[in-house]
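# Structural overview for review
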Amino acid sequence: MKLPQILTNLAVEVDASGGRLYAVGGWVRDQIMGRDSKDVDCEVHGVELEQLAAILEGYGQVNYVGKSFGVFKLCTSQGVFDISLPRTDFSAESVEPDPYLGIERAVLRRDLRCNAVMWDPLSSDLIDFVGGREDIEKKCLRAVDPTRFGADSLRVLRAARFSATLGFRPDESLRVLCRNTSISDQPVERVWGELRRILLSPNPVIGLDSIDEFGALSVVLPEMEAVDRVELSSALQRGVIRRDALRKDSGRLCVMLCVLLQPLSVRDRSLFFERYKVERSAGIPVRRIALGLADVLPISVPPTDTQIRNLAECCDFEWALSVAWAWQDGLDWRSAWQRASELNVLNGPLAKLLSGKDLLSLGLEQGPEMGVMMAAVRKAQLDGVLSTREQALGWIQKRLDEESKGA
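What comes next is a walk through the structure.

### Structural notes on the overall build of the chain
Counting its secondary structure elements, the chain contains 20 helices and 9 strands. For 407 residues, the compact-globule estimate of 2.2 N^0.38 gives 22 Å, and the C-alpha radius of gyration of the chain, at 27 Å, exceeds that figure by more than 25%. Relative to its 407 residues, the chain shows a buried fraction of 50%. Put simply, 64% of the contacts in the chain that link residues at least 6 apart link residues at least 24 apart. On the chain, roughly 18,900 Å² of surface is accessible, and the fraction owed to carbon and sulfur atoms is 48%. Positive and negative side-chain charges of the chain, numbering 51 and 58 respectively, have mean locations separated by a distance of 3 Å.

In structure tokens:
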């Protein structure tokens, strides 16, 4: 194991100040598994809070995300690292840092044994008081302290997430703990954080199945309880194939979220986004896209030109086609892609034929009528009725003439 050099240097200075820095949690677990991990969490023992803050400021920008309870984010040229003091309580809102707690007691705060392994960068010692390495080797999830597991109910969803990301299976005792722990007290922001990680995991089906097995589906995704789980699982597995092949990584969450929500009505999709207070994610308007696709999907096989143009109207065509392909086994990806290229919508929706100025030149006034007319022109364009500016102007003039005669 080897920490970034800046953290090794920090460990030396902490040691000179009478303390000790340990790498903890997921980074150590991933190193044992032979996996790359960019997220490094460190815990510092034997140094007071203010002293630690002063030391950290010599290594980069320090964001005091939780200074009152001993949690710092260190931003350096080598990466961003979470540095914390041990804490005496077991809740998510700890306010009791204790630098002299001792590593054996500090480990008891952790949720799962596979995440409770520590590593000392100065001695290269692996520190394991709870059998974490054994669980990693057996790909097993067990609670560190069953009596305190439910102190933070989000651990139920974390167990589901680790099942999805690591492929580890919870043992029966952990399943019982999760089933007996209600997550209804959790803020929606924290629940959404775990759900999005599951959707981006190697196997979101396992994560969602675990949530269901733990009895938490009615809180996380109540709309999904009536959905055919076999069909949903198949669609999600196909969605992962397309997600991991996307040209733009920014669309990965959007694709998986839309695959997940596809069997729901517009009303239930809206309820989902209202519950989680999500409009955008990573700059992507996921709510607008998910609701827009509800009006377009499912498409015919093979899709019509109008359907292809409407898919591109909703979002990046590759994302929209990925969602359609996940749910429709008979859809030929290559032929749909080729037709989209021929229709010039692979890199974005069709350029609009007219602007508001064009309608003003025809005598229309700004207001609802103009908006209705612009929408009608756009629909005719997507339907393939109109393809040039001149055609669109003539089409509108004809409608205006007909309306004038009718009046």
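### Notes on the nonpolar core
Core analysis: the largest hydrophobic core is formed by 110 residues, its most contacted members being Leu10, Ile83 and Leu260. When residues in this core are grouped by element, the largest group, 9 residues, is from helix 12 (residues 252-261). Counting 13 residues, the second-largest nonpolar core is a separate cluster that includes Val377, Leu386, Leu393 and Leu400.

### Describing the side chain of Ser201
Mapped onto the elements of the fold, Ser201 is located in the loop between helix 8 (188-199) and helix 9 (204-213). Setting aside its immediate chain neighbours within four residues, Ser201 contacts Ala164, Thr165 and Arg243.

### Examining helix 14 (residues 286-294)
With respect to burial, helix 14 is a largely interior element, 7 of its 9 residues being buried. All of the buried residues along helix 14 are Val286, Arg287, Ile289, Ala290, Leu291, Gly292 and Leu293. Looking at the buried positions of helix 14, the neighbouring elements they touch are helix 12, helix 13 (266-276), helix 15 (305-314) and helix 16 (317-327).

### Some thoughts on the packing of aromatic side chains
Throughout the structure, instances matching the rule amount to 9 aromatic pairs. Note on Trp325 and Trp333: the rings are 6.5 Å apart at their centroids and 85 degrees apart in plane angle, and the pair reads as edge-to-face. Taking relative accessible area as the criterion, Trp325 reaches 15% and is therefore assigned buried. Clustering of aromatic rings is evident, with ring pairs tying together Trp192, Phe272, Phe273 and Tyr276. Just above the ring of Phe162 sits the side chain of Arg161; from NZ or CZ to the centre is 4.8 Å. Here the guanidinium or amino end of Arg242 rests over the ring plane of Trp333, the centre of that ring lying 3.6 Å away.

Each value, and the rule that gives it
- Residues numbered from 1 in each chain as written.
- Predicted model: local features only at pLDDT ≥ 70, side-chain atom pairs only at ≥ 80, totals over all residues.
- Heavy atoms only, no water.
- Helix = DSSP H or I, 4+ residues; strand = E, 2+ residues; numbered from the N terminus.
- Rg over C-alpha atoms; globule rule 2.2 N^0.38 Å.
- Buried < 20%, exposed > 50% of the residue type's maximum accessible area, 1.4 Å probe, protein only.
- Contact = heavy atoms within 4.5 Å.
- Areas by Shrake-Rupley, 256 points an atom, 1.4 Å probe, with all protein chains shown as cover.
- Lys, Arg positive; Asp, Glu negative; His and termini not counted.
- Charge placed at Lys NZ, Arg CZ, Asp CG, Glu CD.
- Core = buried A, V, L, I, M, F, W, Y, C linked by side-chain atoms within 4.5 Å.
- Phe/Tyr/Trp six-rings, centres within 6.5 Å; stacked < 30°, edge-to-face > 60°.
- Lys NZ or Arg CZ within 6 Å of the ring centre and 35° of its normal.

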